[in-house]
Amino acid sequence: MRAVIVMILGLVALSIGGCDGWPTRFSNQTAVPVSFSYWHNSLNQRSATFLLNAGKSTLLAREHCLRDFREIRVVEGGREFIISEADLSRLKEDCPAYQCILTYAGGGRLSARPWTRDDAKENSSI
């Protein structure tokens, strides 16, 4: 029995620890697909543009944390919204943690929050 408990604890630690390298998730909570790109401090240009269907989320590049973002651009229904570095400072205050979920609610509205255990479970099924 003790071996089973140790094995289960090890698997839980592995699944939670496994998401550390992919710290930022972008979630589209609108009723329409959106495309987005971001500018990370380690890049000389914006990232590739990602298309994300309504109600879906995706993990961003390995080791790309919100705290290191300069800009995020979202295109929704032909309208482009730019979340500048100044705007991102509020989001960085909302999620000072290493792992963050960015939630796009439409009309240029973006929020951030730290991951929870439920998010880690959802991440393991991606």
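So, a few notes on the structure that sits alongside this text. (Residues numbered from 1 in each chain as written. Predicted model: local features only at pLDDT ≥ 70, side-chain atom pairs only at ≥ 80, totals over all residues. Heavy atoms only, no water.)

Observations regarding the pattern of salt bridges
Scanning the model with the defined rule gives 3 salt bridges in all. The shortest N-O distance in the salt bridge between Glu71 and Arg73 comes to 2.7 Å. Put simply, Glu71, Arg73 and Glu80 are held in one network by salt bridges that share partners. (Salt bridge = Lys/Arg side-chain N within 4 Å of Asp/Glu carboxyl O.)

Considering the pairing of strand β8 (residues 109-114)
In this sheet, β8 lies alongside strand β7 (residues 100-106) in antiparallel orientation, the contact comprising 6 bridges. Note on β8: the bridge partner recorded for Tyr104 is Leu110. Remark: 2 residues form the turn of the hairpin made by β7 and β8, two consecutive strands paired antiparallel; Gly107 in that turn has positive phi of roughly 60 degrees. (Pairing = 2+ DSSP bridges. Helix = DSSP H or I, 4+ residues; strand = E, 2+ residues; numbered from the N terminus.)

Thoughts on the state of the cysteines
As enumerated under the stated definition, the model contains 1 disulfide in all. Paired by a disulfide, Cys95 and Cys100 hold their sulfur atoms 2.0 Å apart. Sign of the S-S torsion, about -95 degrees for the bond between Cys95 and Cys100, identifies this disulfide as left-handed. Each member of the pair, Cys95 as well as Cys100, carries the same accessibility label: buried. (Disulfide = S-S within 2.5 Å. Buried < 20%, exposed > 50% of the residue type's maximum accessible area, 1.4 Å probe, protein only.)

Some remarks on the side chain of Ser35
In this fold, Ser35 is placed in strand β2 (residues 34-40). What Ser35 contacts, discounting residues up to four positions off in sequence, is Thr49, Phe50, Leu51, Arg73, Val74 and Val75. (Contact = heavy atoms within 4.5 Å.)

Here we look at the packing of aromatic side chains
Enumeration over the complete set of coordinates arrives at 4 aromatic pairs. Taking the centre distance of 3.9 Å and the plane angle of 10 degrees together, the rings of Phe26 and Phe36 count as stacked. With Phe26 in strand β1 (residues 24-28) and Phe36 in strand β2, this residue pair connects regions lying 10 residues apart in the sequence. Relative accessible area serves as the criterion here: at 1%, Phe36 is assigned to the buried category. Relative to Phe50, the ring of Tyr38 has its centre 6.4 Å away and its plane inclined at 5 degrees; by these criteria the two rings are stacked. Taken together, the residues span a long stretch of sequence, with Tyr38 in strand β2 and Phe50 in strand β3 (residues 50-52) at a distance of 12 residues. For Tyr38, a relative accessible area of 2% translates into the label buried. What makes Phe50 partly exposed here is its relative accessible area of 28%. One aromatic cluster in this structure is built from Phe26, Phe36, Tyr38, Phe50 and Phe69. Geometry around Trp115 places Arg25 over its ring, the cationic atom sitting 5.3 Å from the centre. (Phe/Tyr/Trp six-rings, centres within 6.5 Å; stacked < 30°, edge-to-face > 60°. Lys NZ or Arg CZ within 6 Å of the ring centre and 35° of its normal.)

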